[in-house]
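Coordinate analysis (summary)
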Amino acid sequence: MSEVDPLFARPLVPVSNDADAARTAAAVFPYLAAVDGRATVVHVIEKAGGAPDKAPLEQREELAEELFADVREAAADAGVDVETELLYGTDVAETILDAARETDATAIVFAHRGGRAWWNLFSGDVRETLTTESDVPVVVFPEGVEDAETPGDDDDAETSDESSDPDGGDAA
């Protein structure tokens, strides 16, 4: 019987902007730390394929480097190793899938982007392509998971019935 790598051993983690990068890092990095995983964090600059680009390339590259700096800082705080890679492509989903294959990713992992930003980045064909054409698992953390307990938190958990509220509120 062959050994299976943990889902978070080598995930590919696409990020779209600074808020998304912070939310994704907060959700994903504790899971990486729990299995001593190493992530490849990517940002895709979508090329227009002959049409004018949405913003100057240099400006988009500078923004990507800023969000990568934030990701590297969050990774250091969480005690995990990450590599960052700026990708370019006319098809965001295919670019992410190609990167997952090239890095031998164990999964494609990101946090729910919530609101309109989620639909703008992962809408229609992009979302469908990621979830139907990936040869590795795709993990989408639900909104708010960055505040939830993560692996390894059990050691610090309170055992008293008074320490938690079953309705999700704070205990008094």
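Per chain, residues are indexed from 1 in the order of the written sequence. In keeping with the predicted nature of the model, local features appear solely for residues at pLDDT of at least 70, side-chain atom pairs appear and are counted solely at 80 or more, and the whole-chain, interface and lining totals rest on all residues. Note: side-chain values were computed over all heavy atoms of the structure, leaving out hydrogens and water.

Another aspect to go through is a negative patch on the surface. A surface patch of like charges, here negative, comprises Asp18, Glu58, Glu62, Glu66, Asp70, Glu73 and Asp77. Examined against the element boundaries, Asp18 turns out to sit in helix H1 (residues 18–35). Exposure categories follow from relative accessible area, calculated using a 1.4 Å probe and restricted to protein chains: below 20% of the type maximum is buried, above 50% is exposed, and the middle band is partly exposed. On the basis of relative accessibility, which here comes to 53%, the residue Asp18 falls in the exposed class. Patches were defined on residues exceeding 30% relative accessible area and lacking a salt bridge, with like-charge contacts within 9 Å and nonpolar side-chain contacts (Val, Leu, Ile, Met, Phe, Trp, Tyr) within 5 Å. Each accessible area is a Shrake-Rupley result for a 1.4 Å probe, and residues are judged covered by the shown protein chains and nothing else. Put simply, a salt bridge is a Lys or Arg side-chain nitrogen that is within 4 Å of an Asp or Glu carboxyl oxygen. By the counting rule applied here, Lys and Arg register as positive and Asp and Glu as negative, while His and the ends of each chain are not counted. Charged groups are reduced to one reference atom each: NZ for lysine, CZ for arginine, CG for aspartic acid, CD for glutamic acid. Here a helix means four or more residues in a row that DSSP labels H or I, a strand means two or more in a row labelled E, and each is numbered from the N terminus.

Turning to helix H2 (residues 57–78), a few remarks are in order. Given the number of residues in a helix, its expected span is that number minus one, multiplied by 1.5 Å. The terminal C-alpha atoms of H2, which comprises 22 residues, lie 31 Å apart, in line with the 32 Å expected from a rise of 1.5 Å per residue. The set of residues buried in H2 consists of Arg60, Ala64, Leu67, Phe68, Val71 and Ala75. Seen from one end, H2 has its buried residues packed into an arc of 110°, which puts them on one side. In H2, the exposed positions that point more than 90 degrees away from the buried face belong to Glu58, Glu73, Ala76 and Asp77. Residue contacts are counted whenever heavy atoms from the two residues lie within 4.5 Å of one another. Close packing links the buried residues of H2 with H1, strand E2 (38–46) and strand E3 (81–89). Positive phi shows up at Gly79, right after H2, with a value of about 75°. By definition, the arc is the one covered by directions from the helix axis to the C-beta atoms.

Here we take up the packing of H1 against H2. Viewed as axis vectors pointing N to C, H1 and H2 meet at an angle of 25°, and their least axial separation amounts to 9 Å. Classified by the interaxial angle, the pair formed by H1 and H2 is roughly parallel. As for the relative orientation of H1 and H2, their crossing is right-handed in sense. Between H1 and H2, the residues in contact are Asp18, Ala21, Ala25, Phe29 and Ala33 and Leu67, Asp70, Val71, Ala74, Ala75 and Ala78, respectively. Axis geometry follows a simple rule: fit a line to the C-alpha atoms, using only the stretch in contact for helices, then measure angles between N-to-C directions, giving values from 0 to 180 degrees. For this classification, under 35 degrees means roughly parallel, over 145 means roughly antiparallel, 65 to 115 means roughly perpendicular, and everything else is oblique. Handedness of a crossing follows from how the near helix is turned relative to the far one, being left-handed for an anticlockwise turn of less than a right angle and right-handed for a clockwise one.

Turning to unusual backbone geometry, a few remarks are in order. When glycine is set aside, most residues are seen to have a negative phi, and most peptide bonds are trans. Although it is not a glycine, Asp36 adopts a positive phi angle of roughly 55°. Topologically, Asp36 is positioned in the loop between H1 and E2. Of the residues examined, Asp36 reaches a relative accessible area of 70% and is grouped as exposed. The phi torsion at Asp104 lies on the positive side, around 55°, for a residue other than glycine. In this fold, Asp104 is placed in the loop between helix H3 (92–102) and strand E4 (107–111). By relative accessible area, which is 49% here, Asp104 ends up partly exposed.

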